[in-house]
Amino acid sequence: MNLKFLIHLAIVLALLQSCSKEDLIVQLQDIDISKTETGIVPLPNGFDKKMNEVFTKYTKITAENGRPIHLFAQSGVDDEKLIRAREILRMYLTPVPNSKYGTSKFFVANSMADRNAALFFFDSEKSYESSSSKLQFVPFNYQDLYATESILPGSSSYIYNEPRDATFEEILHMVQDFGITPMMPLYQKEISVAAEKAVSSNVYNPPSDLPKADYDQEYLASVWDVYRDAWRYTTPPAQYGEYKYNTRESLKEKDLEGYKLITSFLPEYLTYNARLDPNFNGVFHLDLNSELTYTFKSQYLLNVTLTGNMNSGLSGNNKDNVLTGNSGNNLITGSGGDDLLNGLSGKDTAVFTGKYSEYSVSTSNKITIIKDLVKNRDGRDSLKNIETLKFSDQIITL
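Residues numbered from 1 in each chain as written. Predicted model: local features only at pLDDT ≥ 70, side-chain atom pairs only at ≥ 80, totals over all residues. Heavy atoms only, no water.

Turning next to the nonpolar core. Leu89, Tyr92, Met112, Trp224 and Phe284 are the most contacted members of the largest nonpolar core, which totals 88 residues. Setting aside anything within four residues of it in sequence, one finds Trp224 in contact with Met91, Tyr92, Phe168, Leu172, Ile262, Leu266, Pro267 and Leu270. (Core = buried A, V, L, I, M, F, W, Y, C linked by side-chain atoms within 4.5 Å. Buried < 20%, exposed > 50% of the residue type's maximum accessible area, 1.4 Å probe, protein only. Contact = heavy atoms within 4.5 Å.)

Written out as C-alpha cells, the structure reads:
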C-alpha cells in the first residue's frame, strides 16, 4: 500500500470512529429517564460492546444546552448510591446566589456535557482495575467512583464515620476537570495559588505519591470535606493527616483562602435531597448533638427522606427543612425554621415543643399549617400525610 492510500484510510477510519462516538451520545441523549421512579434505567443492550461489558445502569443530568452529563454504574452499585451521586452532582451545578463564582453555572454544566463528562461508578476498586483496560477508548471523559467508598446517610458507616465517604470528592473532581478548569480560569487560578500556598506553609501535606499536577484538586476536596465538618468527629489533622485543620470554624480562621474557595462556588448547606439508607432504624438528627458525632455532618443537610419501611423518625435543624417519611410509621420533628413535613404512607406523627394552646392550627387543600405563637422556637410548619400531632401536653388526631 502506498502512503497516500494509508493516509486516506486513516482519515476515513477517524471519521467513522467520530460518527460512531456521536451516535452513542445521541442515543444517550434520547433516553428518557423520567419513566422510572428513580430516574435510573438499564443501559441498553447493544449500546457499546465495551460499555455493556462493564456497566448495567444509567442515569444523567441534562445541561442547559440539551446534552447529557452521564452516570454509568455496575450491577453491584446500589440504586440509592447512584441516585445520591446524581443529586450531589446536580447540587454542584446549581447556582449559589451572591457567591463570587457560583451565581451562574450553566456554562460549567454545558462544558461538561460538551466534553462527554461521565461518572463511572464501579462496585469496588478491584472492579475498576479489572475493567479499566476495556474503557481506554470509550468516548467519555470519565471520573471513577467506587461503591465501597460511597456512604449512604443513615448507614452504619455514616453513623460511625468510617470509612470516609469519597462521593463528594470524586464528583467535585469531575466538575473541576471538565467544567471549572476549561470555563473558569480565574477561579481555577485561585485554587492553584491557594493549593501552592497551603503546601508551602504545611497546611496541606499531599501524599508522597500524589503528582504535583493534582495538588489543586486534592487540596480543594480536602477543604470541602473540612468545610462540611466531615472530620470534626476526630482530632486534627484531617483527611488522614493531609490537612492541618478539621472544622469549618478553624478553616475560616486559619486558612481563609481555602474557606473563600469553597464559599465562592459551593453552597453553605447541602441542598440535595439526602435519602437515608433503607435499613436505618431510629431517629435521624439534623440538629447538632455532640454525643451523636454524625450530626457534625448532618447539621448541614436541609432535605432528608426516609426510605424503606422502618418505623423511623426525623428531627430537623433550625433551617427550613423538607422532611419526608417512608411507608412506615414515622415520628417527624421540624424543630426551628419553616418546615415541610410529609409522612407519605403509614401512620405518622408530627412533634412540637410546646403546649397545644401555643400554636395555631389550620387546614387548607389537605395541608395542615401549624404556626408556633412563641417566637424563635418551632416556626411555621406545613404538614402533608400526617395523622397525629404531638404537643408537650396532648396528642391531637387529624
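It is worth spelling out the layout of surface pockets at this point. Considering only enclosed or pocket space, the largest pocket measures out at about 220 Å³ in volume. For the largest pocket, the lining is made up of 15 residues, of which Glu37, Glu80, Arg275, Thr305 and Thr307 are closest to its centre. Looking at the lining of the largest pocket, the elements with two or more residues in it are α3 (79-92) and β6 (270-275). The residue inventory of the lining of the largest pocket, partitioned by class, reads three nonpolar, nine polar and three charged. (1 Å grid on protein atoms, 1.4 Å probe; cavity = no way out; pocket = protein on both sides within 12 Å on 5 of 7 lines; lining within 4 Å. Points joined across faces, edges and corners; volume = space filled by probe spheres on them. Helix = DSSP H or I, 4+ residues; strand = E, 2+ residues; numbered from the N terminus. Nonpolar A, V, L, I, M, F, W, Y, C, P; charged D, E, K, R; others polar.)

Another point: unusual backbone geometry. A cis amide bond, omega 0 degrees, links Glu162 with the succeeding residue Pro163. With respect to the helices and strands, the residue Pro163 is situated in the loop between α6 (156-159) and α7 (167-183). A cis amide bond, omega 5 degrees, links Pro236 with the succeeding residue Pro237. Tracing the backbone shows Pro237 in the loop between α9 (215-227) and α10 (248-254). Of note, the phi angle at Gln239 is positive, near 55 degrees, even though the residue is not glycine. Relative to the helices and strands, Gln239 resides in the loop between α9 and α10. Phi angles above zero are rare outside glycine, and Ser335 is one such case at about 60 degrees. If you trace the backbone, Ser335 turns up in the loop between β11 (331-333) and β12 (340-342).

A word on the pattern of salt bridges. Across all of its chains, the model carries 15 salt bridges by this definition. Asp114 is the partner of Arg67 in a salt bridge, and the nearest nitrogen-oxygen pair spans 3.5 Å. Of this pair, Arg67 sits in the loop between β2 (57-62) and β3 (68-73) while Asp114 sits in helix α4 (residues 106-114), and the two are 47 residues apart along the sequence. Note on Arg67: relative accessible area 18%, which makes it buried. Residues Arg377 and Asp372 are paired through a salt bridge, measuring 2.8 Å at the closest nitrogen-oxygen approach. When its relative accessible area of 24% is taken as the criterion, Arg377 is described as partly exposed. Taking relative accessible area as the criterion, Asp372 reaches 7% and is therefore assigned buried. What you see here is one network of salt bridges that share partners, running through Arg164, Glu169, Asp225 and Arg228. (Salt bridge = Lys/Arg side-chain N within 4 Å of Asp/Glu carboxyl O.)

We now examine α4. Among the residues making up α4, those that are buried are Val108, Ala109, Asn110, Ser111, Met112 and Ala113. Buried-residue contacts for α4 involve β3, α3, β4 (117-122) and α7. Phi turns positive, to about 55 degrees, at Asn116, one or two residues after α4.

Turning to the packing of aromatic side chains, a few remarks are in order. Under the defined criterion, the tally for this structure stands at 33 aromatic pairs. On the basis of an interplanar angle of 20 degrees and a centroid distance of 5.2 Å, the ring pair of Phe352 and Phe391 is categorised as stacked. With a gap of 39 residues between them, Phe352 in the loop between β13 (349-351) and β14 (359-364) and Phe391 in the loop between β17 (388-390) and β18 (395-397) connect regions that are remote in the sequence. Judged by relative accessible area, Phe352 falls into the buried class, the value being 5%. Using a relative accessible area of 4% as the deciding quantity, one classes Phe391 as buried. An aromatic cluster is built from Phe47, Phe55, Tyr58, Phe72, Phe120, Phe122, Tyr128, Phe140, Tyr142 and Tyr146, whose rings are joined through pairwise contacts. Lying over the aromatic face of Tyr158, Lys297 brings its terminal NZ or CZ to 3.9 Å of the ring centre. (Phe/Tyr/Trp six-rings, centres within 6.5 Å; stacked < 30°, edge-to-face > 60°. Lys NZ or Arg CZ within 6 Å of the ring centre and 35° of its normal.)

Attention now moves to the sheet that holds β13. Taken in spatial order, the six strands make up an open sheet running β7-β9-β11-β13-β17-β18, and their pairing is mixed. If you trace the sheet from one side to the other, it starts and ends with β7 (283-285) and β18, each paired once. The mean inter-strand angle of the sheet, taken between neighbouring strand axes irrespective of direction, is 20 degrees. Bridge count between strand β9 (residues 313-315) and β11: three bridges; the pairing is parallel. Looking at the pairing, Ser315 lines up with Thr333 of β11. (Pairing = 2+ DSSP bridges. Axes fitted to C-alpha atoms, helices over the stretch in contact; angles between N-to-C directions.)

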